[in-house]
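Structure assessment
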Amino acid sequence: MPAEPINFTNQFLIAMPGMGDGTFAGTVVYLCEHNEKGALGLVINKPIDIKLKNLFEKVELSLDREDLAEAPVYFGGPVQTERGFVLHERLGGESGDGGHYNSSLQIPGGLEMTTSKDVLEALSHGAGPKKILVTLGYSGWGAGQLEDEMSRNGWINVNAEPGIIFDTPVEQRYDKALSLLGISAGMLSQAAGHA
């Protein structure tokens, strides 16, 4: 009987110190999708020099929510860096808007990722999800590529904790994600090179 395929959906991928790819050094990626075709995730701890209000101006929307206007946009990964990806809490039907946007991926057991402009329009009117993280670009892996990187100790994975994405200061997200495994960054760097 073939082994069950590994599925890291709704998990954090935490870059290990030996990560060869500088793009991902020190990152935490929230994995939105993982199947036999590959994987898609968003880096949650690399803010870029764009504030949400600037991003909204670019798409000709105003942002009336002061709690979000000064929030940074994040580097989600090196693929499609001109496209916005909105990671947000799953909206239940009780909010009155049904919680479904034109292009949303409901992450099993986890959050939602929306790529359609209607989520930004909802936010500009003071509606929409309360907790969001907006990235430009995403991180993608082809079939088997992520599993290969994991086998070479490029990443360590752990079940995602939304509080780390939405409520933890950005400079603490890497350490907080590691702490879910009961380890600290110091333990990782000491472990390197002692095979």
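For the structure itself, consult the block above.
The text that follows walks through the structure, step by step, so that each part is easy to find. Worth saying up front: this structure is predicted, and the values here are computed from it rather than measured.

A complete count under the given rule lists 5 aromatic pairs for this structure. Here Phe85 and Tyr138 contribute two aromatic rings whose centre-to-centre distance is 5.4 Å and whose plane-to-plane angle is 70 degrees, an arrangement assigned as edge-to-face. Of this pair, Phe85 sits in strand S6 (residues 79–88) while Tyr138 sits in strand S9 (residues 132–142), and the two are 53 residues apart along the sequence. The pair formed by Phe85 and Tyr138 is uniform in burial state, with each residue classed as buried. An angle of 80 degrees between the planes, with centres 6.0 Å apart, marks the rings of Trp141 and Trp155 as edge-to-face.

What follows concerns the environment of Leu181. Within the secondary structure layout, Leu181 lies in the loop between helix H6 (173–179) and helix H7 (185–191). Owing to a relative accessible area of 33%, Leu181 belongs among the partly exposed residues under this scheme. Along the sequence, Leu181 and Asn157 sit 24 residues apart, while their C-alpha atoms lie 8.7 Å from each other.

Okay, the nonpolar core next. Formed by 26 residues in total, the largest nonpolar core has its most connected members in Phe12, Tyr30, Cys32, Ile44, Leu87, Met113 and Ile165. For this core, the secondary-structure elements that each account for two or more residues are strand S1 (11–15), strand S2 (28–35), strand S3 (38–43), S6, S9, helix H5 (162–166) and H6. Sequence-distant contacts of Cys32, that is, excluding residues within four places in its chain, are made with Thr9, Leu40, Gly41, Leu42, Leu87, Leu105, Ile107 and Met113. In terms of nonpolar packing, the next biggest core, distinct from the first, is built from 18 residues, Leu52, Leu55, Phe56 and Leu136 among them.

Rules behind the numbers
- Residues numbered from 1 in each chain as written.
- Predicted model: local features only at pLDDT ≥ 70, side-chain atom pairs only at ≥ 80, totals over all residues.
- Heavy atoms only, no water.
- Phe/Tyr/Trp six-rings, centres within 6.5 Å; stacked < 30°, edge-to-face > 60°.
- Helix = DSSP H or I, 4+ residues; strand = E, 2+ residues; numbered from the N terminus.
- Buried < 20%, exposed > 50% of the residue type's maximum accessible area, 1.4 Å probe, protein only.
- Core = buried A, V, L, I, M, F, W, Y, C linked by side-chain atoms within 4.5 Å.
- Contact = heavy atoms within 4.5 Å.

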